[in-house]
Amino acid sequence: MNAHVAAEVVIPPKLQVPSRPLVRIVIVGHVDHGKSTLIGRLLSETGSLPDGKLDELKAVSARRGMPFEWSFLLDSLQTERDQGITIDTSQIRFRTPAREFVLIDAPGHAEFLRNMVTGASQADAALLLVDAAEGVREQTLRHAYLLHLLGVRQVVVVINKMDRVGYGDGRFREIEAEITAHLADSGLKPAAVIPISARHGDGVVERTAAIGWYRGPTVIEALDRFAPGRPATALPLRLSVQAVYRFDDRRIVAGRIQSGFIAVGDEIAVAPSGRRAVVRSIEAWPGNDDTGPRHAGAGQSVGITLDRELFIARGDMIAHAQRQAPSGLRLKARVFWLHDTPLAVGASVSVRMGSAETRGAITKIGNVLDPGDQSAANRDTVGQNHLRPNHIGDVEIALANPIAADQYEANPRTGRIVLDVGGYIAGGGLVLALDDGSQTFPVAAEKSQALAARAAALDRALAGLSLAGRLAAIRAGLDGAIVFTTSFGLEDQVILHHSCDAGLDIDVVTLDTGRLFPETYAVWEETERRYGRRIRAIYPHQAALQDLIAAQGINGFYYAKQARIACCDVRKVEPLKRALAGAQGWITGLRAEQSADRVKVGLVIADRERNLLKFNPLIDWSRQALEEFASAHEVPINALHQRGFLSIGCAPCTRAVRPGEPERAGRWWWEDGSKKECGLHVAADAAR
């Protein structure tokens, strides 16, 4: 697993934070334990209310015939006043001589738990409220554990409504011991436990005679002791790409800087591709002059131009080349589950991180617990193979596409994920680890036999179906991810047309070796425009490519077969491993008449090496049938087909096919026609 540790960053003077530090504090606790009342009191006692605001609210209360409540300061929605509950998070600013504060009021109702997660995820510290009369409740414990889950380590416990228990220190000590023990179970130690009455002001700003037995800090004093979060500009550069625009002759990469800073002249690397370039200019909106800014920092939305054209798409992450963003296909996260349906191993979810989104399959769930009931008896019944609503667990996910993310401890701004089911947010969590998932695992003999048996059964079932029927049956027959690899040849374009026409949930991937024909890139762009979908590109690892070129030269593959095999391994075979990581099915455009080797290929194959089912839905199609279908349905076709190129690959190794030659004679054109498989469609140790 990749580990990423934030190091010190030199911040340009214009991007440095002001001298008065900012601290974001979330106030959490069970419903009706007095969060809004405490916030109203804090605003009043620190002089943070607009002139006349308090008198205005008292007048409104009088007109309604109800006593004034401090919580009215936050209840800006009429529905909240009528229902008497807080239904969303509210953010309020105030200051003391030592600190700037943003108070985040999070709802206490169980039904609004996801709103509480949203509020707490933005916080540097927390106030956890407990009603002195009611004591510690289930929601109190759940919120306490969520603070731990979301990485909030600075916590102050406030025992509110001491006036309801006669300001008795015995009751305070009882609750103090209970909540401290529960926090310890969650890995938290409160900085202070404070008795207060928010309604009457005891312990908020001043120690009053009513709590004369208490010797600790007031709420305001405890707030001033909170350490501010590390400024986002002091973290490594992470620019989340939102879109790429063309203006005049400029190609502008637009997005939001999540952390760090960027300057003209910086060398950047794009994750997950690893490609590098130098920042030529920074575009900002609105522009104040013709020169444009020279640098920008966290929180700003900017556009940048580069000194070379790179293929960059929404969801990519830009970082400094020396401190690249980790990316991978296998993700481990600590997840809080919100959906009504439990999350189970094998489930398919959508994973979002910033502007990136990809499908994923749940491969493992562990360390499951209900934060509202941490008793031993409950832990025994929770189970370890699924997550129920409002439960927490460590979840491992095999992603269909690689995403870039940081471990939460290294960079909270790019270390959180959201899980989506059916278009609705179903859970969220913190990134614990991320790797590329490229390693292969041996398949046990019994699993191999089961895979072969399933392939044989599917081969028979699909044989009599149309291409559209085959693709629909493949999608319906597999629960996990299905990857379709395309090189934009005639076969692949016909498959893509059927898949898009039926709206099938199939991941479309191309292996961009960096040596494709210009015509291939052109049909790639036309295809995306025609079908309205982004086709994911997998690139060779830069380090492996550099080592290959250093060893054999830029065109060394012309001189030895082993050099050609090594080139294909780096540019295609290894990237394919990453493309297929976590997939249950792989769709290709293979046809029987393409070469002597492929005549023996079946409609469905058990790929034991990759532990998946490989589908060749066009295996019994002729080239004439493909051409007729493409013409009838206006399928985008590579212009090279008109020049006699039938099987189109990397430009140096592919030529047009001469009359009478087999289709794949144009691949590795200088060799014997029976030895032209590059390694994608044969076993690693087979002759090529």
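A. How the structure looks around the overall build of the protein chain. If you tally the helices and strands in the protein chain, you get 15 helices and 28 strands. By residue count, 53% of the 688 residues in the protein chain fall in the buried class. Sequence separation of 24 or more characterises 72% of the internal contacts of the protein chain that already satisfy a separation of 6 or more. Of the roughly 29700 Å² of accessible surface on the protein chain, a fraction of 50% belongs to carbon and sulfur atoms.

B. Spotlight on the pattern of salt bridges. This structure, assessed with the given rule, holds 28 salt bridges. When the shortest N-O distance is used, the salt bridge between Glu-491 and Arg-591 registers 2.9 Å. In this pair, Glu-491 sits in helix H11 (residues 490-502) while Arg-591 sits in the loop between strand S26 (583-587) and strand S27 (604-607), placing the two residues 100 residues apart along the sequence. Owing to a relative accessible area of 5%, Glu-491 belongs among the buried residues under this scheme. On the accessibility criterion, Arg-591 (0% relative accessible area) is buried. A salt bridge links Arg-534 to Glu-528; the shortest N-O distance between them is 3.2 Å. For Glu-528, a relative accessible area of 12% corresponds to the buried category. A single network of salt bridges, built from pairs that share partners, joins Glu-491, Arg-591, Glu-593, Arg-623, Glu-627 and Glu-663.

C. Structural context of the packing of H11 against helix H12 (residues 518-531). Contact geometry for H11 and H12: axes closest at 11 Å, N-to-C directions at 20 degrees. When the axis of H11 is compared with that of H12, the two are roughly parallel. You can see that H11 and H12 cross each other, and the crossing is right-handed. From H11, Gln-493, Leu-496, His-497 and Cys-500 reach across to H12, where they touch Val-523, Thr-527, Arg-530 and Tyr-531. For the contact of H11 with H12, the class distribution of residues is four nonpolar, three polar and one charged.

D. How the structure looks around the packing of H11 against helix H15 (residues 623-632). Running from amino to carboxyl end, H11 crosses H15 at an angle of 50 degrees, the nearest separation of the two axes being 10 Å. By the angle class used here, H11 and H15 are oblique. Seen from above, H11 lies across H15 with left-handed handedness. Across the interface between the two elements, Leu-490, Glu-491, Val-494, His-497 and His-498 of H11 pack against Arg-623, Leu-626, Glu-627, Phe-629 and Ala-630 of H15. A class-by-class count of the residues in the contact of H11 with H15 yields five nonpolar, two polar and three charged.

E. Fine view of the confidence of the model for the protein chain. Mean pLDDT over the protein chain works out to 80, with 81% of the residues at or above the 70 mark. Counting interchain partners and residues more than four positions distant, the pLDDT-below-50 stretch residues 76-89 has 34 contacts. Contacts from residues 108-113, a stretch scored under 50 in pLDDT, to residues over four places away or in other chains number 20 contacts.

F. Looking closely at the packing of aromatic side chains. Overall, the coordinates contain six aromatic pairs when judged by the stated rule. Judged by centre distance (6.2 Å) and plane angle (75 degrees), the rings of Phe-172 and Tyr-214 are edge-to-face. Taken as a pair, Phe-172 in helix H6 (residues 169-185) and Tyr-214 in the loop between strand S6 (192-195) and helix H7 (219-225) lie far apart in primary sequence, 42 residues in all. Here Phe-172 matches Tyr-214 in class, with each residue buried. Ring geometry for Tyr-521 against Trp-524: centres 5.9 Å apart, planes inclined by 20 degrees, an arrangement best described as stacked. One end of the pair, Tyr-521, and the other, Trp-524, are both in helix H12, three residues apart, so they sit about a helical turn from each other.

G. Structural context of helix H10 (residues 467-477). Within H10, the full set of buried residues consists of Leu-467, Arg-470, Leu-471, Ile-474 and Arg-475. For H10, the buried positions fall inside an angular range of 130 degrees around the axis, keeping them on one side.

H. Structural detail: the sheet that holds strand S24 (residues 507-511). The sheet built from six strands is open, its strands ordered S25-S24-S23-S26-S28-S27 with mixed pairing. Looking at the sheet topology across the chains shown, the edges are occupied by strand S25 (536-538) and S27. The average undirected angle you get between the axes of adjacent strands in this sheet is 30 degrees. In this sheet, strand S28 (residues 612-615) lies alongside S26 in parallel orientation, the contact comprising three bridges.

I. Expanded view of the sheet that holds strand S17 (residues 348-353). On the basis of which strands lie adjacent, the closed barrel formed by six strands has the order S15-S20-S18-S17-S21-S22 and antiparallel pairing. For this sheet, the mean inter-axis angle between neighbouring strands, taken without regard to orientation, is 45 degrees. Sheet topology places S17 next to strand S21 (residues 416-421); three bridges connect them, and they run antiparallel. Among the inter-strand pairings, Val-351 is bridged to a residue of S21, identified as Leu-419.

J. How the structure looks around the pairing of S24. Of all five residues that make up S24, five are buried, and the element is covered over most of its length. Of the two faces of S24, the one holding Asp-507, Val-509 and Leu-511 and the one holding Val-508 and Thr-510 are both buried throughout. Sheet topology places strand S23 (residues 481-485) next to S24; three bridges connect them, and they run parallel. Its bridge partner being in S24, Phe-484 is matched across the sheet by Val-508. This β-α-β element, S23 to H11 to S24, shows right-handed connectivity. Bridge analysis of S24 against S25 gives three bridges, and the strand direction is parallel. The residue bridging Val-509 from the neighbouring strand is Arg-536, located in S25.

K. Molecular detail of the nonpolar core. Ranked by size, the top nonpolar core spans 37 residues in total, and within it Phe-484, Ile-587, Val-604, Leu-613 and Phe-615 carry the most contacts. Going through the elements one at a time, helix H9 (445-463), H10, S23, H11, H12, S27, S28 and H15 are the ones with two or more residues in this core. If we ignore the near neighbours within four places in the chain, the residues touching Val-604 are Ala-455, Leu-458, Asp-459, Leu-462, Leu-613, Lys-614 and Phe-615. Of all hydrophobic cores here, the second largest spans 30 residues; its members include Leu-329, Val-335, Trp-337 and Val-349.

The rules behind these values
Residues numbered from 1 in each chain as written. Predicted model: local features only at pLDDT ≥ 70, side-chain atom pairs only at ≥ 80, totals over all residues. Heavy atoms only, no water. Helix = DSSP H or I, 4+ residues; strand = E, 2+ residues; numbered from the N terminus. Buried < 20%, exposed > 50% of the residue type's maximum accessible area, 1.4 Å probe, protein only. Contact = heavy atoms within 4.5 Å. Areas by Shrake-Rupley, 256 points an atom, 1.4 Å probe, with all protein chains shown as cover. Salt bridge = Lys/Arg side-chain N within 4 Å of Asp/Glu carboxyl O. Axes fitted to C-alpha atoms, helices over the stretch in contact; angles between N-to-C directions. Parallel < 35°, antiparallel > 145°, perpendicular 65-115°, else oblique. Left-handed = near helix turned anticlockwise from the far one by under 90°. Nonpolar A, V, L, I, M, F, W, Y, C, P; charged D, E, K, R; others polar. pLDDT = per-residue confidence, 0-100. Phe/Tyr/Trp six-rings, centres within 6.5 Å; stacked < 30°, edge-to-face > 60°. Arc of directions from axis to C-beta. Pairing = 2+ DSSP bridges. Right-handed = clockwise from strand over helix to strand, strands pointing away. Core = buried A, V, L, I, M, F, W, Y, C linked by side-chain atoms within 4.5 Å.

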